[in-house]
Amino acid sequence: MFEMFPNFWTPVLPVAEIGAEPIAIELAGESLVLFRDAGGQFSALPDLCPHRGAPLSRGRVTESGCIECPYHGWQFDTDGTCTRVPFNPLSSAHLSKLSVVSFPTRVIAGMVWIFTGTENASAPQLPSSLLEPNDRYIIHHEIWNAHWTRAVDISLDYLHLPFVHRNSFGGELNDAAHKDAIAQISITSTADGMKVTNKLNTLPSGTKIDWHQPNIIVLNLDGMPLLPHFFAIPINTHKMRFMQVLLPNPGIGQSNFNFDDFFAASDDDRIMVESQVSEVSNVNEGYNVPTDEPSLRFRRWYYRAVKGKRNEVIRDMSAS
Ligand code: FES
Ligand SMILES: [Fe+2]
């Protein structure tokens with residue numbers, strides 16, 4: 001499962017949008033049911049009953065916190081263990097043979113996260129800015145008709161600002177681009193990605209962009225009252241969820257900050273990436289120049305750590 005995005009933690013939805021009813025979600029090409037028990041514990045199971053294939057998301061959550069299939073009422077707890085089959089007094093040993101796989105979940109930064117695998121999900125390695133209390137974050141998300149790697153790629157790319165955003169905050173950079181400014185981009189590798197510092201030789205301020213594998217971008221703009229995090233969440237090979245999570249900066253007031261304008265700026269990015277075909281290309285395809293280095297590092301990692309891993313899975317499947 002999850003061949004296009006195997007064994008990663010990723011947010012899927014804000015906690016505030018998940019009520020008492022089970023919901024169907026698609027993550028990296030897999031259909032899942034997401035539900036919470038009375039104690040607030042989240043569970044993600046395949047949205048497919050192992051009895052006759054009914055979608056569990058059309059069922060209900062029982063008082064004991066199990067999901068009940070809408071077809072014949074089999075019940076599964078948050079671990080995926082089958083706990084009840086109506087009209088059949090089965091032993092617990094028999095019931096355990098009717099269980100389904102469950103995927104690890106956590107609540108972090110006001111969002112429900114799912115691990116896209118079943119083996120040894122160690123704790124996610126996250127920037128400290130995502131470890132604040134859940135109610136501190138301001139969250140906005142939307143569906144883009146694009147491959148998730150395109151959203152990471154454009155978020156790492158400082159030099160799209162003067163062109164893609166020329167009519168909003170990229171206007172000053174657009175002027176500089178036409179006056180032969182030179183970009184100064186430096187990259188520091190980190191344990192889980194890189195830190196990129198971007199600046200033009202003709203302007204005093206720049207932008208810092210951090211990438212955390214697989215799909216987290218943190219922007220650090222001088223003087224901005226909020227720290228924006230972008231998440232490129234794969235839904236399937238041609239659709240993704242773009243989640244923006246803002247953490248207020250306690251040192252700077254936000255009273256004049258226009259959230260609508262900020263979230264609307266990503267429309268420029270959406271239109272660009274939706275016009276691109278499929279996933280990012282490999283580093284030996286297309287032409288590249290020195291300022292493409294952040295993008296090239298991401299692509300090298302993607303083709304090695306994600307596509308490489310997927311090819312190993314496919315090889316294992318064909319060998320067995
Ligand atoms: S299909 Fe789910 S209980 Fe029969
Ligand atoms: Fe952009």
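For clarity, every value in this text was computed on a predicted model and none was experimentally measured.

Enquirer: Got a sec to walk through the sheet that holds strand β1 (residues 9-14)? Specific residues and values, please.
Expert: In spatial order, the strands read β1-β10-β9; together these three strands make up an open sheet with antiparallel pairing. In the strand order of this sheet, the two ends are held by β1 and β9 (105-108), each with one partner. Pairwise comparison of adjacent strand axes, ignoring direction, gives a mean angle of 35° for this sheet. Of the pairings in the sheet, the one linking β9 to strand β10 (residues 111-115) comprises four bridges and is antiparallel in character. Each residue of the ladder has a partner; that of I108, found in β10, is M111.

Enquirer: Describe the pairing of strand β4 (residues 42-46), listing the residues and the values that go with them.
Expert: Among the five residues that make up β4, five are buried, leaving the element largely enclosed by the rest of the structure. As defined by bridge partners, strand β3 (residues 30-36) adjoins β4 across five bridges and the pair is classed as antiparallel. Pairing of L34 across the sheet is with A44, part of β4. In textbook terms, the turn of a hairpin is the stretch between consecutive antiparallel strands, and for β3 and β4 this stretch comprises five residues, one of which, G40, has a positive phi near 90°.

Enquirer: Tell me what's going on with the coordination of the iron ion (ligand 2), and back it up with residues and numbers.
Expert: Those donors, H160 (NE2), H165 (NE2), D269 (OD) and D269 (OD), are the protein atoms that reach the iron ion (ligand 2), and they lie 1.9 to 2.7 Å from it. One can describe the donor arrangement at the iron ion (ligand 2) as irregular, given that its four donor atoms subtend angles of 53 to 149° at the metal. Summarised as a motif, the one-chain spacing of the donors to the iron ion (ligand 2) is H-x4-H-x103-D. On the criterion of sequence distance, the pair formed by H165 in the loop between α3 (161-164) and α4 (171-177) and D269 in helix α5 (residues 259-274) is long-range, its members being 104 residues apart. On the accessibility criterion, H165 (1% relative accessible area) is buried.

Enquirer: How would you sum up helix α2 (residues 148-155)? Please name residues and give values.
Expert: Most of α2 is tucked away: eight of the eight residues are buried. Those residues of α2 that sit buried are W148, T149, R150, A151, V152, D153, I154 and S155.

Enquirer: Give a detailed account of the sheet that holds strand β2 (residues 23-27), specifying residues and quantitative values.
Expert: Reading across from one edge, β2-β3-β4 is the order of the three strands in this open sheet, with antiparallel pairing throughout. The open sheet has two edge strands with one neighbour each: β2 and β4. Each neighbouring strand pair of the sheet contributes to a mean axis angle of 35°, computed without reference to strand direction.

Enquirer: Describe in detail α5, supporting the description with residues and values.
Expert: Taking 1.5 Å as the rise per residue, α5 with 16 residues should run 22 Å; its terminal C-alpha atoms sit 23 Å apart, in good agreement. Turning to α5, its buried residues are F262, F263, A265, S266, D269 and V273. Considering only its buried residues, α5 is in contact with β11 (138-144), α2, α3, β16 (226-236) and β17 (239-248). Its side-chain oxygen 3.0 Å from the backbone nitrogen of D260, N258 forms the N-cap of α5.

Criteria and cut-off values
Residues numbered from 1 in each chain as written. Chains lettered and ligands numbered in written order. Predicted model: local features only at pLDDT ≥ 70, side-chain atom pairs only at ≥ 80, totals over all residues. Heavy atoms only, no water. Pairing = 2+ DSSP bridges. Helix = DSSP H or I, 4+ residues; strand = E, 2+ residues; numbered from the N terminus. Axes fitted to C-alpha atoms, helices over the stretch in contact; angles between N-to-C directions. Buried < 20%, exposed > 50% of the residue type's maximum accessible area, 1.4 Å probe, protein only. Donors = N, O, S within 2.8 Å, 3.2 Å for Na, K, Ca; no water. Tetrahedral: all angles 85-135°; square planar, octahedral: opposite > 155°, others 65-115°. Expected span 1.5 Å × (residues − 1). Contact = heavy atoms within 4.5 Å. Polar contact = N/O pair within 3.5 Å; in protein donor to acceptor, adjacent residues only side chain to side chain.

It is worth stressing that arrangement in space is one thing and function is another; only the former is reported here.
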